Amino acid sequence: MTADTPRRTALAQRLAGLSPAQRAELERRLADRAPTAARGRPARIPPRTTGAGPLPLSWSQEHMWHRHRADPSGAAYSVPLKVRLEGDLRVDVLRAAFRDLIARHEILRTTFGESGGVPYQLVHDAPGAEVEHADLRDAEDAEAEVAARLAEEAARPYDLAEGPLFRAVLLRTADDVHVLSLVLHHILTDEQSTGLLLAQFVEAYDRRLHGLPAAAAPRLQYADYAVWQRAGQGDGAAAERLRRCVRRLSGMPAELSLPADRPRPPRPTGRGGAVGAGIGPDLWHRLRALARQERATEVMVLLAVFQTLLRQVSGQHDITVSLPEAGRGHPDLEDMLGCFFNTVAVRCDLSDTPGFRTLLGQVRARCLEAYDDRDVPFAKVVEAVTDGRAEHRHPLLQTMLIFEREGAGRPVEFAGLRMTPLQAPTGHRGARAKRDLTLAAVDQGDTARVDLVYDADLFDPATAQGLLDSYLALLSSLLADPDALTGPGRR
């Protein structure tokens, strides 16, 4: 199995599920893009030329570094990945496979220091992390013991300067059953990287088991990207993209008035909660059908409904919602481990009470504008828009919509083992709050799930549940009549 096998398999399954009309539309769009892509292929990212010593952080890493300083517990930015391994597992082979992975990827043996208020990263030669192993076969309640141990691992604080920032624990619950817990600080990883890490573990284990040499180190390491990114931020094109972002967001209201149950505390604690519900096959089919009709995506429809809800509960017309962006626009970054995520802000004007179909067109246009400038570091956008005085109450930092496609729960067979993820690495239930409100939607194929993650410093569970119920009611009514007005009183 190669590193990108799970991604290719998932892509093949999605392509196979397309209708003839959908496939024709995809082929048309790819044909339209091909000449442009060929003409505009970017130059390859070069390996860094600097020697050993402190290296700059990428913009995404610097954002995570500042967030960690604001919340040193690190719990809000811990990325847990848990899998069940069934079969004749060789613990010695597993440990050797992880040593190979850590040796192969500098980012897994990196720590972060500070000099004069400026953060830097240090790549270490030594691994800095070993796989801990515990045998729970004699435990009175092995399942409860595993759950407690996994929760403890996810909640353990990090010291960015000391490390390690990558932790692995193997728990044996039966003769042929183990649970493997991997926990990384977000400054090392993102959603795509967690999938790559698992796929490369599978490959490394298989190589070790069969006496093959470890896979060669990649041409580029994450620190090479950080050096390259920093060097390019001063050019004219980057400056113009930042100016475009600022023009789109200038004149925003100072705060989005959400129906909070309590005043905002002086310092956010990150204490959060989540409420969730399913979207059935009929409603999900209608959502997809409307998206196709309007040449939009599922996330654009979900966003248009979310902005309609925010208008209703705030009484404001100028609504901005942030969307996460993979941050891997350059082809050299596709298979690299690291923290690449970025954020884009989509601002819409709902002052004329547009019909939902009209609003969806506006959302589509604003999304495409934001995606055109997806490489602009969000921290720089926030700083420029707020003159460096951003607070958590600013609309750029209050709401977010996350959209994912399920696929991490499928078992993988390799080397006589069956590996089953215990939960998606980006599961939102029980997550700490990074925004006032985050709507997280997961495409599950014929159905979907939505979770509303809320800041528990501001909202009670009942209030969050009421907001989610209103969102689902709006979604149903607006999909039933897409030309209806999105007025404040609609439910």
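Residues numbered from 1 in each chain as written. Predicted model: local features only at pLDDT ≥ 70, side-chain atom pairs only at ≥ 80, totals over all residues. Heavy atoms only, no water.

Engineer: Looking at this model, I keep getting lost on the packing of aromatic side chains. Mind explaining?
Structural biologist: Ring pairs (aromatic) are described by centroid distance and by the angle formed between their planes. Enumeration over the complete set of coordinates arrives at 10 aromatic pairs. Residues phenylalanine 98 and phenylalanine 201 carry aromatic rings whose centres are separated by 4.9 Å and whose planes lie at 15 degrees to one another, so their mutual orientation is stacked. Taken together, the positions of phenylalanine 98 in helix 4 (residues 91–104) and phenylalanine 201 in helix 6 (residues 191–209) put the pair 103 residues apart, joining distant regions of the chain. Take phenylalanine 98 and phenylalanine 201: they sit in the same class, and that class is buried. A centroid spacing of 5.1 Å and a plane angle of 70 degrees characterise the contact between tyrosine 222 and phenylalanine 340, whose relative ring orientation is edge-to-face. Pair noted here: tyrosine 222 is in helix 7 (residues 222–232) and phenylalanine 340 is in the loop between strand 8 (318–325) and strand 9 (342–349), with a separation of 118 residues, a long-range link. We classify tyrosine 222 as buried; its relative accessible area is 2%. Taking the relative accessible area as the measure of exposure, phenylalanine 340 reaches 1% and is therefore buried. When the ring centre of tyrosine 158 is taken as reference, the NZ or CZ atom of arginine 167 above it lies at 4.3 Å. Taking the ring centre of tryptophan 59 as reference, the NZ or CZ of arginine 230 above it sits at 3.9 Å. (Phe/Tyr/Trp six-rings, centres within 6.5 Å; stacked < 30°, edge-to-face > 60°. Helix = DSSP H or I, 4+ residues; strand = E, 2+ residues; numbered from the N terminus. Buried < 20%, exposed > 50% of the residue type's maximum accessible area, 1.4 Å probe, protein only. Lys NZ or Arg CZ within 6 Å of the ring centre and 35° of its normal.)

Engineer: Hey, could you run me through the environment of aspartate 88 in this one?
Structural biologist: Here aspartate 88 lies in the loop between strand 1 (78–87) and helix 4. Taking C-alpha positions, aspartate 88 is 9.7 Å from histidine 178, a pair spaced 90 residues apart along the chain. Aside from chain neighbours lying at most four places away, what touches aspartate 88 is Tyr205, Gly416 and Leu417. (Contact = heavy atoms within 4.5 Å.)

Engineer: Where do I start with the sheet that holds strand 1 in this structure?
Structural biologist: In sheet architecture, strand pairing relies on hydrogen bonds along the backbone and comes in two forms, parallel and antiparallel. Spatially, 4-5-6-1-12-11 is the arrangement adopted by the 6 strands of the open sheet, whose pairing is mixed. Edge positions in the sheet fall to strand 4 (131–135) and strand 11 (412–414), since each of these pairs with one other strand and no more. If you compare each strand with its neighbour and ignore which way they point, the axes differ by 20 degrees on average. Here strand 11 runs beside strand 12 (residues 417–421); their pairing, made up of 3 bridges, is antiparallel. The partner of glutamate 413 across the bridge, within strand 12, is arginine 418. Packing against the sheet, helix 4 makes contact with strand 1, strand 4, strand 5 (166–174) and strand 6 (177–185), and its axis sits at approximately 160 degrees to strand 4. (Pairing = 2+ DSSP bridges. Axes fitted to C-alpha atoms, helices over the stretch in contact; angles between N-to-C directions.)

Engineer: Please explain helix 6 as it appears in this structure.
Structural biologist: An α-helix turns once per 3.6 residues; consequently, residues spaced three or four apart project the same way. Its 19 residues give helix 6 an end-to-end C-alpha distance of 28 Å, which sits within 8% of 27 Å, the value for a rise of 1.5 Å per residue. Inspection of helix 6 places Ser193, Thr194, Leu196, Leu197, Leu198, Ala199, Gln200, Phe201, Val202, Glu203, Ala204 and Tyr205 among the buried residues, and these make up the whole buried set. Following helix 6 by one or two positions, glycine 211 adopts a phi angle in the positive range, close to 70 degrees. (Expected span 1.5 Å × (residues − 1).)

Engineer: How do you make sense of the pairing of strand 8 when you look at a structure like this?
Structural biologist: Across a regular strand the side chains alternate sides, sitting on one face of the sheet and then on the other. Counting buried positions along strand 8 yields 6 of 8 residues, so the element is predominantly enclosed. When strand 8 meets strand 9, the two strands line up antiparallel, connected through 8 bridges. Paired with isoleucine 319 across the bridge in strand 9 is cysteine 348.

Engineer: In this structure, what is going on with unusual backbone geometry? I would like to understand it.
Structural biologist: Here the residue pair glycine 163 and proline 164 is connected by a cis peptide bond, since its omega of -5 degrees sits within 30 degrees of zero. Looking at where proline 164 falls in the secondary structure, it is placed in the loop between helix 5 (142–155) and strand 5. Located in the positive-phi region is arginine 295, a residue other than glycine, with phi close to 55 degrees. Assignment of secondary structure puts arginine 295 in the loop between helix 9 (281–293) and helix 10 (298–314).

Engineer: Explain the packing of helix 10 against helix 13 (residues 461–480) here, please?
Structural biologist: Geometrically, a packed helix pair is captured by the angle between its two axes and the distance between the axes. Two numbers describe how helix 10 lies on helix 13: the axes approach to 10 Å, and their chain directions differ by 120 degrees. One way to sum up the angle between helix 10 and helix 13 is to call them oblique. You can see that helix 10 and helix 13 cross each other, and the crossing is right-handed. Along the contact surface, helix 10 presents Val301, Leu302, Val305, Phe306, Thr308, Leu309, Gln312 and Val313, while helix 13 presents Leu467, Ser470, Tyr471, Leu474, Leu475, Leu478 and Leu479. Across the contact of helix 10 with helix 13, the residue classes tally to 12 nonpolar, 3 polar and no charged. (Parallel < 35°, antiparallel > 145°, perpendicular 65-115°, else oblique. Left-handed = near helix turned anticlockwise from the far one by under 90°. Nonpolar A, V, L, I, M, F, W, Y, C, P; charged D, E, K, R; others polar.)

Engineer: Can you help me understand helix 12 (residues 378–385) in this one?
Structural biologist: Within helix 12, the full set of buried residues consists of Phe378, Val381, Val382 and Val385. For helix 12, the arc enclosing every buried residue in end-on projection is 95 degrees, short of the 170-degree limit, so these residues lie on one face. Summarising the contacts, the buried residues of helix 12 are in contact with helix 8 (236–249), strand 8 and strand 9. Just beyond helix 12, the residue with positive phi is aspartate 387, at close to 55 degrees. (Arc of directions from axis to C-beta.)

Engineer: Before we go on, may I ask you to explain the packing of helix 9 against helix 13 in this structure?
Structural biologist: One way to put it is that helix 9 packs onto helix 13 with a least axis distance of 10 Å and a crossing angle of 55 degrees. Of the possible angle classes, the one that applies to helix 9 and helix 13 is oblique. With respect to the hand of their crossing, helix 9 and helix 13 are arranged in left-handed fashion. The segment helix 9 lies against helix 13, with Leu283, Arg286, Leu287 and Leu290 engaging Leu475, Ser476, Leu479 and Ala480. Among the residues making up the contact of helix 9 with helix 13, the classes are represented as 6 nonpolar, 1 polar and 1 charged.

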